[in-house]
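Structural overview for review
The lines below spell out each chain.
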Amino acid sequence: MATIFKTKDGRWRAQVRKTGLPSKSRNFTRKADANAWAAQMESAMSGSAGTITAPSAMTMAMLIQAYQRDVRVGRTTNANLERISKAIGSVPVRKFNEITVQTFVDARIKEGITGATIAGDLSALSSVLRYARRAKHIDIDDGIAAAARRGLTARKISTRSKMRSRIPTPEEFERVIAHIEANPRNTIPTAQIARFLRHSAMRLSEATSITIENIRHNEGAVFLPRRKTPTGADTAALVPILPEAMQILTEAAQGRSGGRVWPYNSQSVSTAWARAATAVGLKGLRLHDMRRAATTDLAKIGLSLPLIQSVTGHKSLHSLQHYLAISPEDFHKAYASAKRQNDE
């Protein structure tokens, strides 16, 4: 049974009791949040009969590690989980509660971390908690992290990430390339890979996964057995490759009949690029910015958004449009060109 009442300090307190189980309570700024949490807890406590109490020696670090072993997640989520584990990993699962999460959130805010980044941390933690309760049937409140995320909004902390719009100029791109090519100690063909990304609009991880066997020269395409999707799942895709990019692939694969075109760790390639960019005064210029530049080029030459999607792999026009950096000058040039064609 849930009880909601206002405390002396003006907050709303939700208490949930169920026979045979310890009671749960929590304070909220808004009554709506208290009601939502209470309903969630009532549902969770109703299903507690099918759960087990975590062993006394089990810590949150162990739980996070189990999740990482069992569930395939991306690099960003793994990094978030490692950070969370360092902060709350020593907490026993039995003692994990909303105070644990709130302490973590408060510390991140004090560090000056943005709301969007903290929201990403809490999203990763939510996945671990759901895994613990629904896959491992451990008696743990799997709504704590989600409630903490709603708390950010109540504190007027924006959880919206700022879309990156950086596109390198041709001169900036060549400055970095020249620095890389002038260094004889480079063992990774970073410059070649960067040129390919600039012409193909691919993700770095996709480029370094291309195998010689999957280059379809006759079709002007590359087959990717596993291409990233918004849900985190991978799907096979036949990706159109522009002639300039295909030429780079052909040169890179020359003399070999199989295997990866670029058998290098994508993070190592990214690090090599970042060092070179910093060295020429362009700190913060990322290899991923080449994808945005190439995508914008495709739009400027007049390709429709669905055709651009077939190249970039974006599953929605909304996400694709964040990659396009079309200026008023670009618009007027395209308009003038279209008008001339129409007048003719």
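What comes next concerns the included structure. Model, not experiment: these values are computed from the prediction. (Residues numbered from 1 in each chain as written. Predicted model: local features only at pLDDT ≥ 70, side-chain atom pairs only at ≥ 80, totals over all residues. Heavy atoms only, no water.)

1. Quick look at the overall build of the protein chain
Summing up its helical and strand segments, the protein chain has 15 helices and six strands in all. By the burial criterion, 39% of the 344 residues in the protein chain qualify as buried. Residue pairs at least 24 apart in sequence account for 60% of intrachain contacts in the protein chain once pairs closer than 6 positions are excluded. A total of about 19300 Å² of accessible surface is found on the protein chain, and carbon and sulfur atoms cover 52% of it. (Helix = DSSP H or I, 4+ residues; strand = E, 2+ residues; numbered from the N terminus. Buried < 20%, exposed > 50% of the residue type's maximum accessible area, 1.4 Å probe, protein only. Contact = heavy atoms within 4.5 Å. Areas by Shrake-Rupley, 256 points an atom, 1.4 Å probe, with all protein chains shown as cover.)

2. Some details on the pattern of salt bridges
Counting across every chain of the model gives 16 salt bridges. Here D289 makes a salt bridge to R292, at a shortest N to O gap of 3.1 Å. Of this pair, D289 and R292 both sit in helix α12 (residues 288-300), three residues apart, roughly one helical turn. Residue D289 shares its accessibility class with R292, and that shared class is buried. Through salt bridges that share partners, R83, R108, E111 and D121 make up one connected network. (Salt bridge = Lys/Arg side-chain N within 4 Å of Asp/Glu carboxyl O.)

3. Overview of a nonpolar patch on the surface
Residues I301, L303 and L307 make up a contiguous nonpolar surface patch of roughly 280 Å² in combined accessible area. Judged by its relative accessible area of 46%, L307 is partly exposed. (Patch = residues over 30% accessible without salt bridge, like charges linked within 9 Å, V, L, I, M, F, W, Y side chains within 5 Å.)

4. Topic: the pairing of strand β5 (residues 221-228)
Where strand β4 (residues 215-216) and β5 come together, two bridges link them in antiparallel fashion. Opposite R216, over in β5, you have A221 as the bridge partner. What sits between β4 and β5 in their antiparallel hairpin is a turn of four residues, with G220 showing a positive phi close to 65°. (Pairing = 2+ DSSP bridges.)

5. Some thoughts on unusual backbone geometry
For H137, which is not glycine, the phi dihedral falls at a positive 55°. Position of H137 among the secondary structure elements: in the loop between α5 (115-135) and α6 (144-154). Even without being a glycine, A201 presents a positive backbone phi close to 65°. Among the structural elements, A201 can be located in the loop between α8 (190-200) and α9 (204-207). Here A201 falls in the buried class, since its relative accessible area comes to 0%.

6. As for α8
Burial runs high along α8: eight of the 11 residues are buried. Every buried residue of α8 is accounted for by T190, A191, I193, A194, F196, L197, R198 and S200. As for α8, its buried residues are in contact with α7 (170-181), α9, α10 (243-253), α11 (266-279), α12 and α13 (305-312). Directly after α8, the chain includes A201, whose backbone phi takes a positive value near 65°.

7. Focus on α11
Taking 1.5 Å of rise per residue, the 14 residues of α11 would be expected to cover 20 Å, and the 20 Å separating its terminal C-alpha atoms lies within 8% of that figure. Along α11, the residues classified as buried are S266, V269, W273, A276 and A277. Taken down its axis, α11 places every buried residue within 100° of arc, on the same side. Residues of α11 that are buried sit in contact with α3 (75-88), α7, α8, α9 and α12. Backbone nitrogen of Q267 and a side-chain oxygen of the N-cap are separated by 2.8 Å at the start of α11; the cap is N265. Downstream of α11 by a residue or two, G281 has a phi angle that is positive, lying close to 80°. (Expected span 1.5 Å × (residues − 1). Arc of directions from axis to C-beta. Polar contact = N/O pair within 3.5 Å; in protein donor to acceptor, adjacent residues only side chain to side chain.)

8. Details of the side chain of D142
Mapped onto the elements of the fold, D142 is located in the loop between α5 and α6. Engagement of the side chain of D142 in a polar contact is seen with the side chain of R134, the distance being 3.3 Å. Ignoring sequence-local partners within four residues, the contact set of D142 consists of L129, R130, R133 and R134.

9. Comments concerning the nonpolar core
Of all hydrophobic cores here, the largest spans 38 residues; its most connected members are F196 and W273. Elements supplying a minimum of two residues to this core: α7, α8, α9, β5, β6 (234-240), α10 and α11. No other element matches the six residues that α10 contributes to this core. Among the nonpolar cores identified, the runner-up in size contains 30 residues, and A54, M58, I84 and V93 belong to it. (Core = buried A, V, L, I, M, F, W, Y, C linked by side-chain atoms within 4.5 Å.)

Shape descriptors only; they carry no functional weight alone.
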